[in-house]
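# Topology and contacts: notes
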Amino acid sequence: MVFSDLFFLFVFLPLFALCYLTAAWLDRRRVAPAGPDGSARAVGMDVRNAVLVAFSLLFYAWGEPVYVFLMLGSVAVNYLAGLAISRRRAGSAARRWTLVAGVAFNLAVLAVFKYLGFFAAQLLSLGLQVPQPDIALPIGISFYTFQSISYLVDVSRDEAPVQRRLRDLLLYISMFPQLIAGPIVRYDTVAHEICRRHVSADDLADGIYRFLIGLGKKVVVANQLAEVATQLLAESALPQLSTAAAWVGIVAFTLQIYFDFSGYSDMAIGIGRCLGFHFRENFDHPYCCDTITDFWRRWHISLGSFFRDYVYIPLGGNRRHQAVNILVVWFLTGMWHGASWNFILWGLYFGLIVMVEKYTVLRLRQRIPSPLLHAYSLLLVVAGWGIFYFDDVQQMTLFFRGFLGMNTGLQPDLLAETALTGRAWLWAAALLLCMPVRRWGGVAMSRCLGRHELLFGAARLGVRTVVSLLLLGLSVVLLVGATSNPFLYTRF
């Protein structure tokens, strides 16, 4: 089940809302006056949290019924590991080794289900006779594994409180808004809100609006761009791929993956907001970047901050072996995205660029015109998505031959021309929405109506209502006839 699904929108979500509101009413009737230690507040969230956990498990089991037990087992082990870490003295060897054991468990589970088949295939290619395991990849395992690791590390560092109630840790790990495709939510971000949260009218309005913005990004923009990319970059078209088709196709994918993933993040943040959780932003208009380093500060922020805080800085960060640390982080970033050579190559590609930038572009940044920096960044990003798109090295080679004009040169391509002119509205909307238009609109409205608070509030509400209804209507119409509607990042 995914968010951009008619069953989710009109069956799962309304049923969950009904049960959750009923649970909230029951919680208000059950809550006792808070004692000196504030313990009564936890009792006041019990029914709501139970409903959220139940629907989260149902949401996950809808597509992965067997692997629900894998996730439950992972939560149980991390719960015990967190308790064991908290009982050891801070800074002691016992605490460090307990942390190492907990992290090793999480990485071992990830390695078995995500990478065992890849490593076995590499050994077979070397002539070694090893069994080839046939293990399906559990949805979202990369995301909830990293959340579990961040929880254990933060408890070990005393940066987050240990969770002494198994059901509350289960809520953190299994919460359906961010379970299968992120963002990677740190435990300290939601630890307080697990036990005490309040949803205001503004939270509810902002959450619904944010959810519908994400739905529109996914269904109205990303799904239409996916049709262009799939048609132009089809395997059968690669041997004679024209330069025009290669560029139009990979630019379509460049825009598709942004609207697909940022749309999912918007929906996750929006649902979380409606429930009283405040997840951190995961995207900040990455295609407005002026360097590749800047791009990766804006793209998938939760993953970047994870590797920075739990890998890069512990390795030495900028203090020692900086170049090696960068390459290690980017090798792991590529591996995290998938068990395939193209992801490893993609990670190292960006790692090398980031490393070179630290000694060149970033030092000369003020002397280089901004449009030139922007063009340089986008060119490298688009080429990087070409590596990311093809998990077959031979297909990737054929693509880059077309991309570099080695197949047909600059000859016109009717299919690419039709993809551009026949969907002019789509390209215009996608390029415009890559920029912070909502921020610009809010600033413009504030300047015009800021002195009239009531008028500004009414205008803002009116604009949001119209945009929300328009996006919902368009999305439903497009979903009715949709044959394929997956989120790209659910496979990672």
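Notes on the structure follow. Here the residue numbers are simple positions, counted from 1 along each chain's written sequence. Residues qualify for local features only when their pLDDT is at least 70, as the model is predicted, and side-chain atom pairs are given and counted only at 80 or more; totals for whole chains, interfaces and linings, by contrast, use all residues. Excluded from the side-chain calculation are hydrogens and water; included are all heavy atoms of the structure.

### Concerning the overall build of the protein
Stated formally: Here a strand is any run of E in DSSP of at least two residues, a helix any run of H or I of at least four, and the numbering for each starts at the N terminus. Here the globule rule is a power law, 2.2 Å times the number of residues to the power 0.38, and the radius of gyration is based on C-alpha atoms. Contacts: residue pairs with any heavy atoms within 4.5 Å of one another. Computed with a 1.4 Å probe, the accessible areas rest on the Shrake-Rupley method; for each residue, only the protein chains presented here act as cover.
When its secondary structure is counted, the protein shows 21 helices and zero strands. The C-alpha radius of gyration of the protein comes to 24 Å, within 12% of the 23 Å expected for a compact globule of 492 residues. On the principal axes, the C-alpha backbone points of the protein span a range of 75 × 65 × 50 Å. Across the protein, every contact between residues at least 6 apart in sequence was considered, and the portion connecting residues at least 24 apart equals 76%. Accessible surface for the protein amounts to roughly 23200 Å². Of this, 66% is attributable to carbon and sulfur atoms.

### What about a nonpolar patch on the surface?
The cut-off we apply is this: Patch construction takes residues with relative accessible area above 30% that form no salt bridge. Like charges are linked within 9 Å, and nonpolar side chains (Val, Leu, Ile, Met, Phe, Trp, Tyr) are linked within 5 Å. Only one rule defines a salt bridge in this text: a Lys or Arg side-chain nitrogen within 4 Å of an Asp or Glu carboxyl oxygen. Residue exposure (1.4 Å probe, protein chains only): buried if accessible area is under 20% of the type maximum, exposed if over 50%, otherwise partly exposed.
A surface patch of nonpolar side chains, amounting to about 480 Å² of accessible area, comprises Phe7, Phe10, Val11, Leu58 and Trp62. In terms of residue count, helix α1 (residues 6-30) provides more of the nonpolar patch than any other element does, three residues in total. Inspection of the secondary structure puts Trp62 in the loop between α3 (46-61) and α4 (67-87). The class of Trp62 is partly exposed, set by a relative accessible area of 48%.

### Looking at the packing of helix α13 (residues 322-337) against helix α14 (residues 341-359)
The condition is simple: The axes used here are C-alpha line fits, helices contributing only the stretch in contact, and every angle between their N-to-C directions lies in the interval 0 to 180 degrees. Orientation categories follow fixed angle ranges, with anything under 35 degrees roughly parallel, anything over 145 roughly antiparallel, 65 to 115 roughly perpendicular, and all other angles oblique. By definition, any crossing whose near helix is turned counterclockwise from its far helix by less than a right angle is left-handed, and any crossing with a clockwise turn is right-handed. Think of it as three bins: nonpolar holds Ala, Val, Leu, Ile, Met, Phe, Trp, Tyr, Cys and Pro, charged holds Asp, Glu, Lys and Arg, and polar takes everything else, Gly as well.
The N-to-C vectors of α13 and α14 enclose an angle of 150°; their axes lie 7 Å apart at closest approach. In terms of orientation, α13 lies roughly antiparallel with respect to α14. Here α13 runs over α14; the crossing is right-handed. Residue-level contacts link Gln322, Ala323, Ile326, Leu327, Trp330, Phe331, Thr333, Gly334, Met335 and His337 of α13 to Phe343, Ile344, Trp346, Gly347, Leu348, Phe350, Gly351, Leu352, Val354, Met355, Lys358 and Tyr359 of α14. In the contact of α13 with α14, the residues fall into 15 nonpolar, six polar and one charged.

### Some remarks on helix α19 (residues 424-433)
Here is the rule we go by: An arc is given here, and it is the one of the directions from the helix axis to the C-beta atoms.
Burial in α19 covers these residues: Leu426, Trp427 and Ala430. Angular distribution of buried residues about the axis of α19 spans 95°; they occupy a single face of the element. Close packing links the buried residues of α19 with α9 (201-232), α10 (243-275) and α18 (414-421).

### A word on the pattern of salt bridges
Applying the stated criterion across every chain yields a total of 18 salt bridges. Across the pair Arg280 and Asp188 runs a salt bridge whose closest N-O atoms are separated by 3.9 Å. With Arg280 in the loop between α10 and α11 (292-298) and Asp188 in helix α8 (residues 187-195), this pair connects stretches of sequence that are 92 residues apart. A relative accessible area of 36% places Asp188 in the partly exposed class. The residue Arg464 makes a salt bridge to Asp206 at a minimum N-O spacing of 2.5 Å. On the criterion of sequence distance, the pair formed by Arg464 in helix α21 (residues 453-480) and Asp206 in helix α9 is long-range, its members being 258 residues apart.

### Quick notes on the side chain of Thr98
The test is simple: Whenever two N or O atoms come within 3.5 Å, that pair is a polar contact, provided that in protein one can donate a hydrogen and the other can accept it, and provided that, for residues adjacent in sequence, both atoms are side-chain atoms.
Assignment of secondary structure puts Thr98 in helix α5 (residues 93-125). A polar atom in the side chain of Thr98 sits 2.7 Å from the backbone oxygen of Ala94. Setting aside chain neighbours within four positions, we find Thr98 in contact with Ala81, Ala84, Ile85 and Arg88.

### Topic: unusual backbone geometry
Unusually for a residue other than glycine, His285 sits at a positive phi of about 50°. Within the element layout of this structure, His285 appears in the loop between α10 and α11. Positive phi, close to 55°, is recorded for His321, a residue that is not glycine. With respect to the helices, strands and loops of the structure, His321 is situated in the loop between α12 (301-315) and α13. Residue class for His321 comes out exposed when judged on its relative accessible area of 59%.

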